[in-house]
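Secondary and tertiary structure notes
Residue-level listing of the chains:
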Amino acid sequence: MKINYKEAFEKTRIAGAIAAGALDEVAKIAKPGIRTDEIDYLCYEFINDHKAYSAPLFYRGFPKSCCTSTNHIVCHGIPSEKVLKEGDIVNVDVTAYKEGWHGDTSRTFEIGEVSIKAKRLVQTTHEALMNAIKIVKDDIHLGDIGAEIQNYVEKKGFSVVQDFCGHGIGQHFHEVPNILHYGKKGTGEKIKSGMIFTIEPMINLGKFETKTLNDGWTAVTKDKSLSAQFEHTIGVTEEGCEIFTLPK
Ligand code: MF3
Ligand code: CO
Ligand code: CO
């Protein structure tokens, strides 16, 4: 991965703010009765209004501007006429492409009141991401990130999806290195200041296994248990990291 600090950070900051801004808008309409393709339209419009492109649209044939992954869908859910109802959880994953650079972020929203189990899952997933971000700085190992997430999540009785991972990001949507959300401390390559990547743990209430449906995209838990995800794009510095996709 190329290390080209200043411009990369400046441009990713801009793309990241647009992606996060789209999710801030989604938060306002994520209520019982809304269709997932209405969320998609909102993201499309928001990103367009900010003179950016939605990176998922037509990416390897993906048909929509964001991913909407409800309940047992792990990731890459395709927005549709599906109506969200009270008690659902839905991850919305948005990637803005602006002036040649990408910002990628997702949040899991609770639709109305959700079960205590669902709430715990969503909260734990968010905490796992933020805890992992806190340990990121120059010279740590990639395995430190995975271990941090896996240990935290498994202590709570949940499981970490292994079939999908975070990724380097920059002028391309998906770059090296892969950022695994499980692993062992002190293993894997060292990360260096200037690197930009995502961390995006997918956490299941039941077992970790997933399968992909016939549409070629939608990944679900094999045991049909609930799954949650949060994602940030971050840039590594000497002392820590900058999060480019924070909510307002
Ligand atoms: N945004 C997803 C990620 O976090 C990738 C979605 S690819 C798509 O890497 F084609 F499904 F949109
Ligand atoms: Co994403
Ligand atoms: Co990503």
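Calculation rules
Residues numbered from 1 in each chain as written. Chains lettered and ligands numbered in written order. Predicted model: local features only at pLDDT ≥ 70, side-chain atom pairs only at ≥ 80, totals over all residues. Heavy atoms only, no water. Donors = N, O, S within 2.8 Å, 3.2 Å for Na, K, Ca; no water. Helix = DSSP H or I, 4+ residues; strand = E, 2+ residues; numbered from the N terminus. Buried < 20%, exposed > 50% of the residue type's maximum accessible area, 1.4 Å probe, protein only. Tetrahedral: all angles 85-135°; square planar, octahedral: opposite > 155°, others 65-115°. Near = heavy atom within 4 Å. Polar contact = N/O pair within 3.5 Å; in protein donor to acceptor, adjacent residues only side chain to side chain. Areas by Shrake-Rupley, 256 points an atom, 1.4 Å probe, with all protein chains shown as cover. 1 Å grid on protein atoms, 1.4 Å probe; cavity = no way out; pocket = protein on both sides within 12 Å on 5 of 7 lines; lining within 4 Å. Sits in = over half its atoms within 2 Å of the grid points. Nonpolar A, V, L, I, M, F, W, Y, C, P; charged D, E, K, R; others polar. Pairing = 2+ DSSP bridges. Axes fitted to C-alpha atoms, helices over the stretch in contact; angles between N-to-C directions.

Our next topic: the coordination of the cobalt ion (ligand 3). Six octahedrally arranged donors around a metal ideally form angles of 90 or 180 degrees; four tetrahedrally arranged donors ideally form angles of 109.5 degrees. Every protein donor of the cobalt ion (ligand 3) is listed here as Asp104 (OD), His167 (NE2), Glu200 (OE) and Glu231 (OE), and their distances to the metal cover 2.0 to 2.2 Å. One chain supplies every donor to the cobalt ion (ligand 3), and in sequence these donors are spaced D-x62-H-x32-E-x30-E. Metal-to-metal, the separation of the cobalt ion (ligand 3) and the cobalt ion (ligand 2) is 3.3 Å; Asp104 coordinates the two. In this pair, Asp104 is assigned in strand E5 (residues 101-110) and Glu200 in the loop between strand E9 (196-199) and strand E10 (202-204), connecting sequence segments 96 residues apart. The exposure classification of Asp104 matches that of Glu200, with both residues buried.

All of the protein donors around the cobalt ion (ligand 2) are Asp93 (OD), Asp93 (OD), Asp104 (OD) and Glu231 (OE); their distances to the metal are 2.1 to 2.4 Å. Considering all six donor atoms around the cobalt ion (ligand 2), the spread of angles at the metal, 58 to 167°, places the coordination shape in the irregular class. In the primary structure, the donors to the cobalt ion (ligand 2) are separated according to the pattern D-x10-D-x126-E. With a relative accessible area of 2%, Asp104 lands in the buried category.

Attention now goes to the site of ligand 1. Near ligand 1 lie 14 residues; those nearest to it are Pro56, His167, His174, Glu200 and Glu231. Within the side chain of Glu200, a nitrogen or oxygen atom sits 2.8 Å from an oxygen atom of ligand 1. The contact in question runs from an oxygen atom of ligand 1 to an N or O atom on the side chain of Glu231, over 3.0 Å. When the free accessible area of ligand 1 is taken as 340 Å², the share hidden by the protein chains comes to 97%. Of the pockets mapped on this structure, ligand 1 occupies the largest pocket. Considered class by class, the residues forming the shell around ligand 1 number six nonpolar, four polar and four charged.

Turning to the sheet that holds strand E3 (residues 73-75), a few remarks are in order. Within the open sheet, the three strands sit side by side as E3-E12-E11. Their pairing is antiparallel. Each edge of the sheet is formed by a strand with only one pairing partner; in this case those strands are E3 and strand E11 (210-212). In this sheet, adjacent strand axes meet at a mean angle of 40° when their direction is disregarded.

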